[in-house]
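Chain residues, written in single-letter form:
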Amino acid sequence: MSWMVALPAIDGREYVYRVQAPCDAMAADPFWAAFHCHDDGPHPRALDRFDAALIWRASRPQHI
């Protein structure tokens, strides 16, 4: 299952990551996966406050 995690950073931008976690995962699991992915990248530091992040399940695109 894919989760989307939006992390605000110190540069005022919001960085969004797609992470893999089970559908019954606690919200902290996708949060920390995205935070560590961001931390390993070249972007400015993200806020590590869980309550500042937006976390939602990614839905499959629907074909018309």
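Structure: see above.
Keep in mind that what you see is a predicted model, and the values were worked out from it rather than measured.

Asker: Honestly, the sheet that holds strand E3 (residues 54-57) in this entry has me stumped. Any pointers?
Answerer: Working definition: the strands of a sheet are paired by backbone hydrogen bonds and lie parallel or antiparallel to each other. The 3 strands are arranged E2-E1-E3 in an open sheet whose pairing can be described as antiparallel. Sheet topology places strand E2 (14-20) and E3 at the edges, where each strand pairs with a single neighbour. Averaged over all adjacent pairs, the angle separating strand axes in this sheet is 20 degrees, with direction ignored. Of the strand pairs in this sheet, strand E1 (residues 2-8) and E2 are connected by 7 bridges, and their pairing is antiparallel. Paired with Ser2 across the bridge in E2 is Gln20. The strands touched by helix H1 (residues 28-40) within the sheet are E1, E2 and E3, with E1 carrying the most contacts at an inclination of about 60 degrees.

Asker: What should I look at first to understand the nonpolar core in this one?
Answerer: Inside soluble globular proteins, nonpolar side chains tend to come together where they are buried. The biggest cluster of nonpolar side chains holds 14 residues, and the ones touching the most others in it are Val5, Leu7, Tyr17, Val19 and Ala34. Of all the secondary structure elements, the ones that give two or more residues to this core are E1, E2 and H1. Residues within four places of Ala34 in sequence aside, it is in contact with Val5, Leu7, Tyr17 and Val19.

About the criteria used
Residues numbered from 1 in each chain as written. Predicted model: local features only at pLDDT ≥ 70, side-chain atom pairs only at ≥ 80, totals over all residues. Heavy atoms only, no water. Pairing = 2+ DSSP bridges. Helix = DSSP H or I, 4+ residues; strand = E, 2+ residues; numbered from the N terminus. Axes fitted to C-alpha atoms, helices over the stretch in contact; angles between N-to-C directions. Contact = heavy atoms within 4.5 Å. Core = buried A, V, L, I, M, F, W, Y, C linked by side-chain atoms within 4.5 Å. Buried < 20%, exposed > 50% of the residue type's maximum accessible area, 1.4 Å probe, protein only.

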